[in-house]
Amino acid sequence: MLPDLQTAFCAGTVGRDTAAVAALADGGMENGHRFGIYRNNIFQSLTGVLAAAFPTVSKLVGDENFAVLAHRFIAAHPPQRPSLYAYGGNFAAFLAGFAPAVEELPFLPDLAQVEWAVNEAYFEADAEPLVADHLAGLAPETYARLRLHLHPTVRLIGSDWPVWDLWGAEALPDPWPPGEQEGAQRVLVRRPESKVDVVMLTPGDFAFLGALAAGDALGEAAAAGAAAGPDFDLATCLAGHLAGGTFHSGYTIDAS
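Predicted model, so just to flag it, every value in this text is computed and none were measured. (Residues numbered from 1 in each chain as written. Predicted model: local features only at pLDDT ≥ 70, side-chain atom pairs only at ≥ 80, totals over all residues. Heavy atoms only, no water.)

> I'm lost on the pairing of strand 2 (residues 155-159) in this one. Help?
The two faces of the sheet receive side chains in turn, since in a regular strand these alternate between them. Along strand 2, the buried face is formed by Arg155, Ile157 and Ser159; none of Leu156 and Gly158, which line the opposite face, is buried. Relative to strand 3 (residues 185-190), strand 2 runs antiparallel, the two being bridged by 5 bridges. Bridging across to strand 3, isoleucine 157 finds its partner in valine 187. (Buried < 20%, exposed > 50% of the residue type's maximum accessible area, 1.4 Å probe, protein only. Helix = DSSP H or I, 4+ residues; strand = E, 2+ residues; numbered from the N terminus. Pairing = 2+ DSSP bridges.)

> I keep staring at the packing of helix 12 (residues 203-213) against helix 14 (residues 234-244) and nothing clicks. Help me out?
It is the contact of helix 12 with helix 14, at a shortest axis distance of 11 Å, that shows an interaxial angle of 65°. When the axis of helix 12 is compared with that of helix 14, the two are roughly perpendicular. For the pair helix 12 and helix 14, the crossing hand works out as right-handed. Counting all contacts with helix 12, which are made through Asp205, Phe208 and Leu209, the residues of helix 14 involved are Leu234, Cys237 and His241. When grouped by side-chain class, the residues that make up the contact of helix 12 with helix 14 number 4 nonpolar, 1 polar and 1 charged. (Axes fitted to C-alpha atoms, helices over the stretch in contact; angles between N-to-C directions. Parallel < 35°, antiparallel > 145°, perpendicular 65-115°, else oblique. Left-handed = near helix turned anticlockwise from the far one by under 90°. Contact = heavy atoms within 4.5 Å. Nonpolar A, V, L, I, M, F, W, Y, C, P; charged D, E, K, R; others polar.)

> What should I look at first to understand the side chain of histidine 241 in this one?
Along the chain, histidine 241 falls in helix 14. On the basis of relative accessibility, which here comes to 4%, the residue histidine 241 falls in the buried class. In this structure the side chain of histidine 241 is engaged in a polar contact, spanning 2.8 Å, whose partner is the side chain of threonine 246. If we ignore the near neighbours within four places in the chain, the residues touching histidine 241 are Leu188, Arg190, Leu201, Asp205, Leu209, Thr246 and Phe247. (Polar contact = N/O pair within 3.5 Å; in protein donor to acceptor, adjacent residues only side chain to side chain.)

> Any chance you could explain the sheet that holds strand 3 here in plain terms?
Think of a sheet as strands paired side by side through backbone hydrogen bonds, with each pair either parallel or antiparallel. If you trace the 3 strands from one edge of the open sheet to the other, you get 2-3-4, paired in antiparallel fashion. Where the open sheet ends on each side, the last strands, each with one partner, are strand 2 and strand 4 (197-201). With strand direction ignored, the average angle separating the axes of adjacent strands in the sheet is 20°.

> What is the right way to look at the packing of aromatic side chains in this model?
Think of a pair of aromatic rings as described by two things: how far the centres are apart, and how the planes are tilted against each other in angle. Applying the stated rule across the entire model yields 11 aromatic pairs. Considering the side-chain rings of tyrosine 122 and phenylalanine 123, the 5.0 Å spacing of their centres and the 85° angle between planes classify their relative orientation as edge-to-face. Judged by relative accessible area, which is 42%, phenylalanine 123 ranks as partly exposed. Put simply, the rings of Phe54, Phe66, Phe73, Tyr87, Phe91, Phe94, Phe98 and Trp116 touch in pairs and so form one group of aromatic residues. (Phe/Tyr/Trp six-rings, centres within 6.5 Å; stacked < 30°, edge-to-face > 60°.)

> Whenever I open this one, the nonpolar core confuses me. Can you help?
For soluble globular proteins, nonpolar side chains are generally found buried alongside one another. Core analysis: the largest hydrophobic core is formed by 38 residues, its most contacted members being Leu50, Phe54, Val57, Phe91, Leu95, Leu108 and Val189. Breaking this core down by element, the ones donating at least two residues are helix 3 (33-53), helix 4 (55-61), helix 5 (63-76), helix 6 (91-96), helix 8 (108-123), helix 10 (163-166) and strand 3. Per-element accounting of this core gives the leading share, 8 residues, to helix 8. Split by domain, the residues of this core number at least three in each of domain 1 (1-105) and domain 2 (125-256). Each residue touching leucine 95, except ones within four places of it in the same chain, is listed here: Val57, Leu69, Val102, Leu108, Pro109 and Ala112. Counting 19 residues, the second largest nonpolar core, distinct from the first, contains Leu130, Ala222, Cys237 and Phe247. (Core = buried A, V, L, I, M, F, W, Y, C linked by side-chain atoms within 4.5 Å. Domains from an automatic or database assignment.)

> Quick question: what am I supposed to make of helix 13 (residues 218-228) here?
Within an α-helix, residues lying three or four positions from one another point in the same direction, as the helix has 3.6 residues per turn. Every buried residue belonging to helix 13 is among Leu218, Ala221, Ala222 and Gly225, and all of these are buried. One side of helix 13 holds all its buried residues, which, seen down the axis, span an arc of 100°. For helix 13, the elements touching its buried residues are strand 1 (146-147), helix 12 and helix 14. (Arc of directions from axis to C-beta.)

> Hey, could you run me through helix 12 in this one?
Within helix 12, the full set of buried residues consists of Gly204, Asp205, Phe208, Leu209, Ala211 and Leu212. An end-on view of helix 12 places all buried positions within 155° of arc, on one side of the element. Looking at the buried side of helix 12, the elements it contacts are strand 2, strand 3, strand 4, helix 13 and helix 14. Positive backbone phi, at 105°, marks glycine 215, one or two positions downstream of helix 12.

Structural data, given as structure tokens:
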């Protein structure tokens, strides 16, 4: 009985199902304005959750427009888990399929991916990052066979738009839009300790990390980085990521 009541209540509030409201009223729950109060409270609360997770998207589209987007998203994708920090994972995909938004601001889905990556990284479980001392003493000939694993907080986002420049912006840059060559940016999100970092990557660096994420050994990943960016330098790149905590401490070495 209780699961049925909960399902009907959700359908009558978040889902705006009038048949569910009528069924609840027949069962003794008052119809009318009380459901409106519940519904408004739920939508306002969840809109606040989304605005907190996607603050830049909210600022760039404006409060009223964001409320419209949020209400449409909430109606189509009500929460499935009791943890509100986990709500909004498919907001970027929703934006990509919402033509009125992407026609005017086509970068929104990618920017939402960056903001959700920040949210995920913040709440991800802690893990020990790999530092240079962990690799001290390794024979030089083993480096090509190293398999480095990305830290569990790491997220990689590639975009045709300047999402790193837009992240945290109060307004669109002037002039807008950028030229085709200036627009594309690649972003690394990580939280090796308490602070979330959002770092812009070069094409070579992005390809290097993508290859490691796909399971390639260090030598193969370095080749991918060099192919994607002629300025890619493995030593500089590796030192920066070891200092920044991009990798997890649990590396392995393939047999020779």
